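A closer look at the structure
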Amino acid sequence: MVLWTSARKIGAVALGTGAGLSVYFYQKIREPHTIAHMSWTNSEKPVSPCALWDSNWDCRNPKSLVKPPKNDSPQEQNHYNSELEKACPKFARHIILIRHGEYLDLGDSDETHRLTSRGRLQAEYTGKRLHEMGIKWDKVIASTMTRAQETAEIILKEIDFNPKDVKHCPYIREGAPIPPQPPVGHWRPEESFFRDGARIEAGFRRYFHRALPTDKHDTYTLIVGHGNVIRYFVCRALQFPPEAWLRINVNHASITWLTIQPSGNVSIKYLGDTGFIPAKFLTNRIPREAKNVV
């Protein structure tokens, strides 16, 4: 009788332990893989779901461009695989973004917002730096605003690219792309978000995408634009919250370099690099009055 009672107790414990383990592992299996644990603590409490990379962010994932096979026949599968291979890019796409040089905010028209003497000097340093990189440029694109046009003109004197082939794009003109987070009390151009946001987003979609399947080598695109637009493009390309664009600072005439791999993965090589410009010439805000720089 005693043996039977002991056996029942042992069986109950074993059954309870097994049930508990089953529930635990079942919950672990069901636990979403998007949950990130706080690795910097000993807590097992999950934080908010981590953001997974959207591999088809540019709508150019080969699988989204090729019609799926009609059936499971070998012929149909071979045709699908062949078309999929044709749609796959083989090389990277490099996008180098340049912020215009320092300018003076005088008058109400864009034509009066011209580079200062220091801004022209900054653009010259940037042009020389790009020349030293030895890049063979496939495209050069410039915002249609005066300060960007002047910056591009100075840079083109230093790099190997025909000025006649420059594309002048109104989509990347300066503006307010999206309400920033955290909000900034002294900066409230609410009306600009509706006017500029869609335009700037259209500029992003026009220039940020993986390489074409027909490209025979890595391609290099130079874009001369503006601080707000560059900061927004960086957040969008890296799939950071786009509302964070105002948390980033880029100096005048700085270099920002983004690379889009054939897989669609995006990495940043430079962010607002101005290490090639002497410290006394560095600026990032509009001066209140014109100052000549020697």
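None of these values were measured; they are calculated from a predicted model. (Residues numbered from 1 in each chain as written. Predicted model: local features only at pLDDT ≥ 70, side-chain atom pairs only at ≥ 80, totals over all residues. Heavy atoms only, no water.)

In this section: helix α7 (residues 227–237). Among the 11 residues that make up α7, 10 are buried, leaving the element largely enclosed by the rest of the structure. Turning to α7, its buried residues number three or more, namely G227, N228, V229, I230, R231, Y232, F233, V234, C235 and A237. Downstream of α7 by one or two residues, Q239 has phi in the positive range, about 60°. (Buried < 20%, exposed > 50% of the residue type's maximum accessible area, 1.4 Å probe, protein only. Helix = DSSP H or I, 4+ residues; strand = E, 2+ residues; numbered from the N terminus.)

Tallied over the full model, the rule gives 8 aromatic pairs. For the ring pair Y220 and W257, a centre distance of 6.2 Å and an interplane angle of 85° mean the geometry is edge-to-face. Here W257 lies in strand β5 (residues 255–260) and Y220 lies in strand β4 (residues 219–225), a separation of 37 residues in the sequence. We classify W257 as buried; its relative accessible area is 6%. (Phe/Tyr/Trp six-rings, centres within 6.5 Å; stacked < 30°, edge-to-face > 60°.)

Turning our attention to the sheet that holds strand β3 (residues 167–169). Taken in spatial order, the 6 strands line up as β3-β2-β4-β1-β5-β6 in an open sheet, and their pairing is mixed. Edge positions in the sheet fall to β3 and β6 (266–273), since each of these pairs with one other strand and no more. Between one strand and the next, the sheet's axes are offset by a mean angle of 20°, whatever the strand orientation. With 6 bridges connecting them, strand β1 (residues 93–99) and β5 associate as antiparallel partners. From the neighbouring strand, H94 faces β5, where its bridge partner is T259. Across the sheet, helix α4 (residues 117–133) touches β1, β4, β5 and β6, and the angle it forms with β5 is around 35°. Along the sheet face, α7 touches β1, β5 and β6 and points at about 150° away from the line of β1. (Pairing = 2+ DSSP bridges. Axes fitted to C-alpha atoms, helices over the stretch in contact; angles between N-to-C directions. Contact = heavy atoms within 4.5 Å.)

With that settled, the discussion passes to the pairing of β5. Within β5, 6 of the 6 residues are buried, which leaves the element mostly enclosed by the surrounding structure. Alternating residues of β5 divide into I255, W257 and T259 and T256, L258 and I260, and every residue in both groups is buried. In this structure, β5 lies alongside β6, joined through 5 bridges in antiparallel fashion. Opposite L258, over in β6, you have I268 as the bridge partner. Adjacent in sequence and paired antiparallel, β5 and β6 are bridged by 5 residues, among which G264 carries a positive phi angle near 100°.

Between its first and last C-alpha atoms α4 spans 25 Å; for 17 residues at 1.5 Å apiece the expected length is 24 Å, and the two agree. Turning to α4, its buried residues number three or more, namely S117, R118, G119, Q122, A123, T126, G127 and L130. As for α4, its buried residues are in contact with β1, α5 (146–156), β4 and β5. Backbone geometry just after α4 places G134 at a positive phi near 65°. (Expected span 1.5 Å × (residues − 1).)

Here the structure, examined in full by the defined rule, presents 12 salt bridges. Residue E102 is joined to R118 by a salt bridge in which the shortest nitrogen-to-oxygen separation is 3.0 Å. Of this pair, E102 sits in the loop between β1 and α4 while R118 sits in helix α4, and the two are 16 residues apart along the sequence. By the burial criterion, E102 is buried, and R118 matches it. When the shortest N-O distance is used, the salt bridge between R114 and E150 registers 2.7 Å. With R114 in the loop between β1 and α4 and E150 in helix α5, this pair connects stretches of sequence that are 36 residues apart. Look at the salt bridges and you will find they share partners, linking R195, D196 and R199 into a network. (Salt bridge = Lys/Arg side-chain N within 4 Å of Asp/Glu carboxyl O.)

This part is about unusual backbone geometry. Look at the link from Q181 to P182: it is a cis peptide, with omega at 0°. Turning to its location among the elements, P182 is positioned in the loop between β3 and α6 (190–207). You will see that C59, though not glycine, has its phi angle at about 60°, which is positive. Position of C59 among the secondary structure elements: in the loop between α1 (2–30) and α2 (62–65). Residues other than glycine seldom take positive phi values, yet A253 does so here, at roughly 60°. Inspection of the secondary structure assignment puts A253 in the loop between α7 and β5.

Under the present numbering, the feature "binding site: substrate" (unreviewed entry) in UniProt falls on R147. Tracing the sequence through the fold places R147 in helix α5. Looking at R147, the relative accessible area reads 4%, which means it is buried. If we skip the residues at most four places from it in the chain, R147 touches H100, Y103, D110, H113, L115, E174 and H226. (UniProt positions renumbered as here; feature names shortened; annotations may be inferred.)

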